[in-house]
Amino acid sequence: RLVGSEMCIRDRARREQLAEHFRALGADVLPSATNFIGIRLPSAELAAEVHKQLLDEGVLVTRLTHPELANVIRITAVQAALEPGRLAALEQAIKA
């Protein structure tokens, strides 16, 4: 069983791994000191489309609703987010 500091280290490592993966694809990854990352997409419309597709696939991600942040997808840095292909819809949107 992990204690507080071990969980923080693990969460930070996953967050950095996830952020680096998306940066390598050319994504605009927002700075984070939490257990999630934010990825800024070119438009709110694209973010809405990717968000819906991921939800339809059973991937729980958040799309921020504030008008100035509606183009941001938030991903919690859990182990499942690191599985290859799990966030394919987002990866494809970034590459497009």
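Look above for the structure.
Conventions and cut-offs
Residues numbered from 1 in each chain as written. Predicted model: local features only at pLDDT ≥ 70, side-chain atom pairs only at ≥ 80, totals over all residues. Heavy atoms only, no water. Salt bridge = Lys/Arg side-chain N within 4 Å of Asp/Glu carboxyl O. Buried < 20%, exposed > 50% of the residue type's maximum accessible area, 1.4 Å probe, protein only. Phe/Tyr/Trp six-rings, centres within 6.5 Å; stacked < 30°, edge-to-face > 60°. Lys NZ or Arg CZ within 6 Å of the ring centre and 35° of its normal. Axes fitted to C-alpha atoms, helices over the stretch in contact; angles between N-to-C directions. Helix = DSSP H or I, 4+ residues; strand = E, 2+ residues; numbered from the N terminus. Parallel < 35°, antiparallel > 145°, perpendicular 65-115°, else oblique. Left-handed = near helix turned anticlockwise from the far one by under 90°. Contact = heavy atoms within 4.5 Å. Nonpolar A, V, L, I, M, F, W, Y, C, P; charged D, E, K, R; others polar.

Chemist: Could you give an account of the pattern of salt bridges, with specific residues and numbers?
Modeler: Tallying each qualifying case throughout the model produces six salt bridges. For Glu16, the salt bridge goes to Arg15, with nearest N and O atoms at 3.3 Å. The class of Arg15 is buried, set by a relative accessible area of 9%. Taken together, the shared-partner salt bridges in this structure form one network comprising Arg10, Asp11 and Arg14.

Chemist: Pulling in residues and values, what's your account of the packing of aromatic side chains?
Modeler: Counted according to the given criterion, the structure contains zero aromatic pairs. Directly above the aromatic system of Phe36 lies the positively charged group of Arg74, at a separation of 4.2 Å from the ring centroid.

Chemist: Which residues make up the packing of helix 2 (residues 44-56) against helix 3 (residues 88-95), and what are the values?
Modeler: Two elements in contact, helix 2 and helix 3, have axes separated by 9 Å at closest approach and are oriented at 155°. Of the possible angle classes, the one that applies to helix 2 and helix 3 is roughly antiparallel. Considering only the axes of helix 2 and helix 3, their crossing is right-handed. Each of Leu46, Val50, Gln53 and Leu54 in helix 2 lies in contact with helix 3, whose residues at this interface are Ala89, Leu90 and Ala93. Looking at the contact of helix 2 with helix 3 residue by residue, the class counts come to six nonpolar, one polar and no charged.

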